[in-house]
Each structure stands twice: as C-alpha cells, then as structure tokens.
Amino acid sequence: MELEAVKKIYAIYSNVYDAVFKRFFYPRISYAIKSMDIRPGDRVLDVGVGTGLSLELFPRHCKVVGINLSGEMLRKAKKKVNTNSMDNVELYEMDAMNVDFEDDSFDKVFISHVVSVVPDPYRVMKEVRRVCKSGGQVVVVNHFKSRNKLVAGFEELFNPISKKIGWRSDLSRDEFIDRAHLNVNKCYKLRKLDFWEIVFATNVK
Ligand SMILES: C[S@@+](CC[C@H](N)C(=O)[O-])C[C@H]1O[C@@H](n2cnc3c(N)ncnc32)[C@H](O)[C@@H]1O
C-alpha cells in the first residue's frame with residue numbers, strides 16, 4: 001500500500017472509525033494495555049494511534065506519545081485528549097517508517113492494527129526497535145494470516161480487495177516476528193477463534 005493511498009483512505013475512515021471499528025478493536029486494545037505493567041514515569045509510544053481508542057486506557061502516571069500519518073484521524077484523537085484532559089498525552093503527525101525521535105526514547109511501544117496497513121511493516125519495526133530502550137516492551141496487536149490452510153487461501157485471495165480498503169490480509173505472524181527481530185514472550189488471542197492476535201515482546205538490541 002502506498003503512503004498517499006493510506007492517507008486518503010484513513011482521512012475517509014476518520015469520520016466513521018469509532019462507530020464502525022471500536023466494537024471489534026477495543027477489547028484487544030484494552031487487554032493488551034492492561035497487560036503491559038506500565039510503571040510511573042514510563043514513556044510509551046503509541047504507533048499509528050488513529051482516533052485514540054487506546055488513549056484513555058493508559059494510566060495517567062505514564063507519558064504517552066501518539067504518532068499517526070493521517071491528520072484527520074489525529075484530529076479525532078486530539079479531541080479525546082482535550083475532552084478528557086489527558087495532560088500526559090502528546091500527539092504528532094508523523095510517518096512510522098521515519099520516526100522523529102532519538103534512539104532509546106521510550107520504555108514501551110504499543111502498535112495496534114497498524115503493521116498490515118503501512119507500506120513496509122519491517123521499516124516501521126526497525127524504527128520501533130530503535131526508539132525503544134533495550135529491554136523495553138513492544139506490544140503488537142494485529143490480524144495475521146490464518147494457520148488454517150483453507151482460511152489462509154481465502155485471505156490471500158481477498159488480499160487485493162483488502163488492500164484497496166486499507167489493510168493487507170496476508171501477513172504471516174511467524175514471518176513478521178522473524179523479520180521484525182522480535183524477542184517474543186507471549187502470543188495471545190482473546191478467543192480461540194479470533195482474527196486478531198496480541199504479540200508481547202522484549203526489545204533486545
Ligand atoms: C486501522 S487504524 C488503527 C488505529 C489504532 N491504532 C487502533 O488500533 O484503533 C491504522 C492507523 O495507522 C495509521 N497509519 C497508516 N500508515 C501509517 C504510517 N506510515 N505512519 C503512521 N501511522 C500510519 C493510519 O492513519 C490509521 O490511523
């Protein structure tokens with residue numbers, strides 16, 4: 001997916017995103033963040049923060065920095081930040097493939113429903129590993145290609161359409177983990193038959 005195409009699609013989604021996607025995405029976002037053991041003073045990067053569904057879930061005792069490519073999605077997130085006086089949150093319009101932060105700036109990185117949206121997930125993960133401290137936590141929530149061959153076949157077939165509506169459906173979890181150099185502690189599904197998975201990893205540099 002090209003960067004400009006992604007921008008255009010998510011500008012359109014920004015108006016309906018919470019109404020359409022919250023019911024699907026929020027339970028995993030919530031489980032993942034509550035499992036993160038975020039300590040007072042931790043700096044957390046939320047990559048592709050979108051409309052900010054995650055923001056209210058982070059404890060106020062940590063600093064949250066959200067980045068997102070689409071200014072329109074970010075405007076919705078800013079509204080949530082202002083309405084709920086989240087003084088611990090900063091938001092920036094930024095490409096996750098070229099992150100404008102110094103090495104080792106964050107204790108934890110959260111990245112939900114983004115790695116199959118960006119043009120190059122491995123460039124994003126290289127940036128994630130760079131800006132996250134060594135020993136820091138990286139948590140990825142995403143849809144990965146099914147390990148059931150029949151379902152995986154449908155997902156590959158559906159992929160050209162899926163890309164047109166904003167994400168790819170053929171990303172293999174094991175290949176992603178391997179190529180992203182993630183030191184995985186746990187992979188977790190909320191339900192046995194779930195489309196989405198949460199990967200908890202430690203950043204080893
Ligand atoms: C499916 S939404 C997920 C939003 C949020 N993380 C969530 O779970 O609800 C994907 C988000 O990734 C953002 N995005 C896509 N490409 C990006 C990039 N290269 N850099 C930063 N954000 C990007 C989109 O603008 C969109 O807000």
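Here, every reference points to the structure presented above.
Residues numbered from 1 in each chain as written. Predicted model: local features only at pLDDT ≥ 70, side-chain atom pairs only at ≥ 80, totals over all residues.

Draft legend 1. Representation of the overall build of the chain. Within the chain, the secondary structure is distributed over six helices and seven strands. For the chain, the α and β elements follow one another from N to C terminus as α-α-β-β-α-β-β-α-β-α-α-β-β. Since a compact globule built from 205 residues should have a radius of gyration of about 17 Å, the 16 Å found for the chain is in line with a globular shape. Out of the 205 residues in the chain, the part that is buried amounts to 39%. (Helix = DSSP H or I, 4+ residues; strand = E, 2+ residues; numbered from the N terminus. Rg over C-alpha atoms; globule rule 2.2 N^0.38 Å. Buried ≥ 20, exposed ≤ 12 C-beta atoms within 10 Å, placed from the backbone.)

Draft legend 2. Focus on the nonpolar core. By size, the foremost hydrophobic cluster in this structure holds 51 residues, and its most contacted members are Val47, Val109, Ile111, Val128, Val138 and Val139. Looking at this core, the element that brings in the most residues is strand β5 (residues 132–143), giving five residues. Other than its neighbours up to four places away in sequence, Val128 contacts Val47, Val109, Ile111 and Val138. (Core = buried A, V, L, I, M, F, W, Y, C linked by C-beta atoms within 7 Å. Contact = placed C-beta atoms within 7 Å.)

Draft legend 3. How the structure looks around the sheet that holds strand β4 (residues 106–112). What the seven strands build is an open sheet, ordered β3-β2-β1-β4-β5-β7-β6; its pairing is mixed. Each edge of the open sheet is held by one strand with a lone partner, namely β3 (89–93) and β6 (183–188). Going from strand to strand, the sheet's axes swing by 20 degrees on average, the running direction of each strand aside. Where strand β2 (residues 63–68) and β3 come together, five bridges link them in parallel fashion. Residue Asn68 lies in a different strand from β3, and its bridge partner there is Glu93. Its contacts with the sheet place helix α3 (residues 71–83) against β2 and β3, and it is angled at close to 165 degrees to β3. (Pairing = 2+ DSSP bridges. Axes fitted to C-alpha atoms, helices over the stretch in contact; angles between N-to-C directions.)

Draft legend 4. Main features of the site of the ligand. Neighbouring the ligand are 21 residues, the closest being Gly48, Gly50, Leu69, Ser70 and Ala96. At the level of secondary structure, the elements contributing two or more residues to the shell around the ligand comprise α1 (3–13), α2 (17–34) and β2. (Near = placed C-beta within 6 Å.)

Draft legend 5. Structural context of α2. Of all bends in α2, the biggest is about 55 degrees, found at Arg23, and the proline Pro27 comes one to four residues later. Residues of α2 that are buried sit in contact with β4, β5 and β7 (196–202). (Bend = angle between axes of the 7 residues up to and from the residue.)

Draft legend 6. Representation of helix α4 (residues 121–131) within the structure. Regarding α4, the residues found buried are Pro121, Val124, Met125, Glu127, Val128, Arg129 and Val131. Elements that come into contact with the buried residues of α4 comprise β1 (43–47), β4, β5 and α6 (173–179).

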